[in-house]
Amino acid sequence: MRFQETFAFVLSCIVCDYVINSSGARLENNGYKDIVIAINPRVQRDDNLIENIKEIVTAASSYLHQATKQQVYFSDVKILLPKTWSVNSSSVHRPTTESYQKADVVIAEPYLKYADEPYTLQYGGCGEKGRYIHFTPNFVLNNSLTAAYGPKERVFVHEWAHLQWGVFDEYNDQKPFYLSKGTYEATRCSEEIKGRIAECSEISCPSCDIDSISGLPKGNCKFYPNKTQTSSSSIMYTTGLSNVVEFCDNETHNPDAPNMQNKMCNYRSTWDVISKSEDFRNNRPPHIGSVIPTFTILQANDRVLCLVLDTSGSMKLENRINRLRQATEIFLLQIIEAQSQVGIVTFSSAANVQTRLKVIDNDDVRNELVQLLPRAADGGTNICAGVRSGFEVLRGDDGATHGDEIVLLTDGEDSGISKCFTEVEQSGAVIHTIALGPSATAELEHLSNLTGGLQFSVTDNANTSGLIDAFNGLVSGNGDISQQSIQLESSGKLIDKDGHLTGEVSIDKTVGNYTFFVVTWEKEMPEIFLLDPNGRIYQTVSFVLDQSLCTARLKINGTAQTGLWKYSIFNHGTKQVLTITVTSRAADENIPPATVNMEISEKDSFGGRTIYAEVSQGYLPVIFANVTAIIECPTGPPVEQNLSDDGLGADIVKNDGIYTKYLHDFSGSGRYNFKVRVAGKEGATKMAIRTGAHAFYIPGYTENGNIQTNPPWPPINMEDLATDFGDFSRVKSGGAISVPVGTPLVDLPPCKITDLQATIVKNKVVLEWTAPGEDYDQGAASRYEMRMSDNLLRLRDDFSTATLVNLTNNNPQPFGLRENVTFVPENTELQNGTTIYFALCAYDKINQPSAMSNVARISVYVPLIEHPKGNNSMWKVVCSVVVVTILVCLISGIINYAVQRKKTQTYVPA
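What you see as residue numbers is a count from 1 along each chain, following the sequence as written. It should be noted that, the model being predicted, local features are given only for residues of pLDDT at least 70 and side-chain atom pairs only at 80 or more, the latter also being counted only at that level, while totals for whole chains, interfaces and linings use all residues. The side-chain quantities take in all heavy atoms of the structure and omit both hydrogens and water.

**Q** What am I meant to see in the pairing of strand E27 (residues 551-559) here?
**A** Every regular strand shows the same layout, with side chains that alternate between the two sheet faces. Strands were regarded as paired on the criterion that DSSP finds at least two bridges between them. A helix here means a DSSP run of H or I that spans at least four residues, while a strand means a run of E at least two residues long, and both kinds are numbered starting from the N terminus. Bridge count for strand E23 (residues 511-520) against E27 is seven bridges, and the pairing is antiparallel. Directly across from Phe516, in E27, lies its bridge partner Lys555. Summarising the sheet, strand E26 (residues 544-546) and E27 pair through three bridges and their orientation is antiparallel. Each bridged residue has a counterpart across the sheet, and for Asp546 the counterpart in E27 is Thr551. Counting the residues between successive antiparallel strands, the hairpin from E26 to E27 contains four residues, one of them, Cys550, with a positive phi of roughly 60°.

**Q** Explanation requested: the packing of aromatic side chains in the structure shown.
**A** We describe a pair of aromatic rings using the distance from one ring centre to the other and the angle between the two ring planes. Note on aromatic pairs: the rings of Phe, Tyr and Trp (six-membered ring only in Trp) are paired at centre separations within 6.5 Å, and the planes decide the class, stacked below 30 degrees, edge-to-face beyond 60, tilted for the rest. Under the definition given, this model contains 24 aromatic pairs. An angle of 75° between the planes, with centres 6.0 Å apart, marks the rings of Phe139 and Tyr149 as edge-to-face. Of this pair, Phe139 sits in helix H2 (residues 137-141) while Tyr149 sits in helix H3 (residues 146-149); the two residues are 10 residues apart in sequence, bridging distant segments of the chain. Each member of the pair Phe139 and Tyr149 is classed as buried. Taking the ring centre of Trp271 as reference, the NZ or CZ of Lys69 above it sits at 5.0 Å. Whether a charge sits over a ring comes down to the Lys NZ or Arg CZ being within 6 Å of the ring centre and within 35 degrees of the ring normal. One cation-aromatic arrangement involves Arg188 over Phe223; the distance from NZ or CZ to the ring centre is 5.3 Å. We call a residue buried when its accessible area falls under 20% of the maximum for its residue type, exposed when it is over 50%, and partly exposed in between, using a 1.4 Å probe and counting protein chains only.

**Q** I tried to follow the sheet that holds strand E25 (residues 537-539) on my own but got confused; where do I start?
**A** The strands that make up a sheet pair up through hydrogen bonds in the backbone, lying either parallel or antiparallel. The strand order across the open sheet built from four strands is E22-E28-E24-E25, with neighbouring strands paired in antiparallel fashion. The sheet terminates laterally at strand E22 (499-507) and E25, the two strands that pair on one side only. On average, adjacent strands in this sheet sit at an angle of 15° to one another, irrespective of strand direction. Fitting a line to C-alpha atoms yields each axis, with helices limited to the stretch in contact; the angle taken between N-to-C directions then spans 0 to 180 degrees.

**Q** Where do I start with a nonpolar patch on the surface in this structure?
**A** A cluster of nonpolar side chains, Phe529, Leu531 and Ile537, forms an exposed patch at the surface whose accessible area comes to about 230 Å². Within the secondary structure layout, Phe529 lies in strand E24 (residues 527-531). For patches, a residue must show more than 30% relative accessible area and have no salt bridge; joins then use 9 Å for like charges and 5 Å for nonpolar side chains, namely Val, Leu, Ile, Met, Phe, Trp and Tyr. What sets the accessible areas is the Shrake-Rupley method with a 1.4 Å probe; for residues, cover comes only from the shown protein chains. The term salt bridge refers to a side-chain nitrogen of Lys or Arg lying within 4 Å of a carboxyl oxygen of Asp or Glu.

**Q** Looking at this structure, how should I read the environment of Ile658?
**A** Among the secondary structure elements, Ile658 is positioned in strand E35 (residues 658-662). With 199 residues separating them in the primary sequence, Ile658 and Thr459 have C-alpha atoms 28 Å apart. Whether two residues are in contact is decided by their heavy atoms: any pair within 4.5 Å suffices. Non-local contacts of Ile658, meaning those with residues more than four positions away in its chain, are made with Leu121, Gln122, Tyr123, Tyr612, Ala613, Glu614, Ser644, Asp645 and Asp651.

**Q** Please clarify how the pattern of salt bridges should be interpreted in this entry.
**A** Should their charged atoms come close, side chains of opposite charge can pair. Scanning the entire structure with this criterion turns up 39 salt bridges. Here Lys33 and Glu28 are joined by a salt bridge, their closest N and O atoms 3.7 Å apart. We classify Lys33 as partly exposed; its relative accessible area is 22%. The partly exposed category is assigned to Glu28, whose relative accessible area is 34%. Note that Arg94 is salt-bridged to Asp398, the shortest N-O span being 2.2 Å. Here the residue Arg94 occupies a position in the loop between strand E6 (76-81) and strand E7 (105-107), and Asp398 occupies one in the loop between helix H9 (383-394) and strand E18 (405-410), the gap between them amounting to 304 residues.

So, in structure tokens, the structure goes:
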């Protein structure tokens, strides 16, 4: 396999359900500006929420300034209110490019209110920015949570470090203890954090029992840190200790702790990662002066949007003008939300306003807009003329373009597009771009990059429904998922005469309102059969037909029946492209539907990228779904990649609802468009608890030797999580990236091994891991190199000089298969307290190494007396010695007693 090393100028991450893209927070003169904190539309108005946010961030700014050695603080913060809140308009401003969808911090109720745990959603690895921070309204308002999490401003900084710098937690709920030099330690950073390990109940806190095999505390044992510490680090361990005001650096870092920071960041300290980020690379001088942020209150409004559509002569080719009408009709009738204002502009050599803004308050307005869509194509391509006319239309509501949107579609080249870049950047509007066909101007996406808009690329490939998918992806970014259209199915194919387009779509219980089935064709109307789960048949006559537009639309009255809907579309005429699209909305505004978000990563050090697809319901992960990315290439058929959530290869955390895959099979320069298809199966797919980066819930504190416990972490109702979706299906457009002409091809190395494990079995070391590929996760590597050391950092920093483990006879298997090796360490005695570290690299056929794997360790623990139930030789020896000793004592005692008795009898007088 080969991969394009460089994608030079265009990368778009398009995910439109909850919060995904960075809002554009930037660091300027030591202060972070344009930070967006957005309140979810489902949160009831509470003025205290706004005031508490201000108090938390103001205090957090001072704490961040101290933690970063006086280098950065929060300078400018925007609080985005829902449009449903009634507020004093004189103190509230209209957003420009800010939206709930792109916020840094969201304030929202979790679905299934099991906890108020603050967390940060992270897709990528060490040093990669997160997606958003999530606080619940109760966390912001309720001061009683401070005892368990620490002061809220400190929690804010803890989560900001996840979001902005891509660092990870230094505790581990799953591995709270580890062995070090023959004794157990609490997983923490730094080791200078002192406290007691105990198993507390409501009555007492006795010392813990120690497992005779692992040497670690067992049961419900927890570490209760001293309330007063001498150590000042680390913030990524806990924010609940008053002395903790710093991040762990190279002097205080604990590389032995089995936490995510060590695993993800190659055992580097938190401050080492932060100080090498783009925010600190240039030896930023300390900031002297005020660190109090300024706050701006924004309020979201109904959408104001203008379609700016290319009608140049090239739109006659490949049925583009009719495909444009079909896709925009679906957008206007099904996707754009009620109460939005919509206008239409067409352009070729010049621009024409087809309609000023119309408020979509009924279906008649939607149909009026459809009738104004272009039917003919002629002339050249003047994109700036179209954009300027779009701005003119957008000013029709309030005289400004701030916060308004343009959907710009073009298939043509235009050397003059740069003439309006400055005007676009200063407009305050958001421009979403759709590049149709192979010749759309190369600078088109710069318009969406300038304004934070979405960007799509659509080919003329007959086997896709890419243009319809692009318009389906243009849902509102206001965060109100209950009012958004969700795409359940999208399929298109070139069908021969007398051929069929067949398939099925699952409608689950979380959707079903406002459900549409739409069929399109090119030349001759096909025959349509649709079978619902109850056996009812909908035929062509059941659909609303538009022969001029070549569409057939069926709206299901009320809430659509849950279950499997099957379709068969029969082509009687000549070969033509047939498509079917199914959209629906939430069945209950109080129950969020399952959604999918998609993103493409930035380039890694080898030029590679990763596809991410997050499947969730509300803010909870959905696991065990089948997820497939479909890549529409500049030429040739689409490429499909199955994404996984197994913690292997590109995937960081197993079963966190984030499905991933390395990108492969790029065939040349041009635009690549992405969409994702998700299928859930009844009885298999389910919700899970959010794992990953979150604030540490402190179980209690030790003060004057006594433990004061906090209330236990709120219990989780596993029955709620086990709620079965039934079968469900989703399709989501994921945007486009571009590969420039002349990009060189590169051989990729094997992917990093991340699950190396080491155990001791009968004085032998057993090592296991998952095989990497030849090129990332494709194929099989050529050989392994494994080394061991008694010093973790020496193994990491000087791998090639560590002791070699002989793997000559171990031929790597294909990616995903399990590898194992057993050996007896030479010149190393496995005695109590011995610790050995292991790591390995994989090599490809040109001897190119992978990154060094995670480090596995063995720590030998030999108890003084082992558990009597164990069936081992040491215990048998102990038992034998004890039994023999007892027998000897008994016999000796009997003999001595007899002798004494005889003496007594001899000398007693008669």
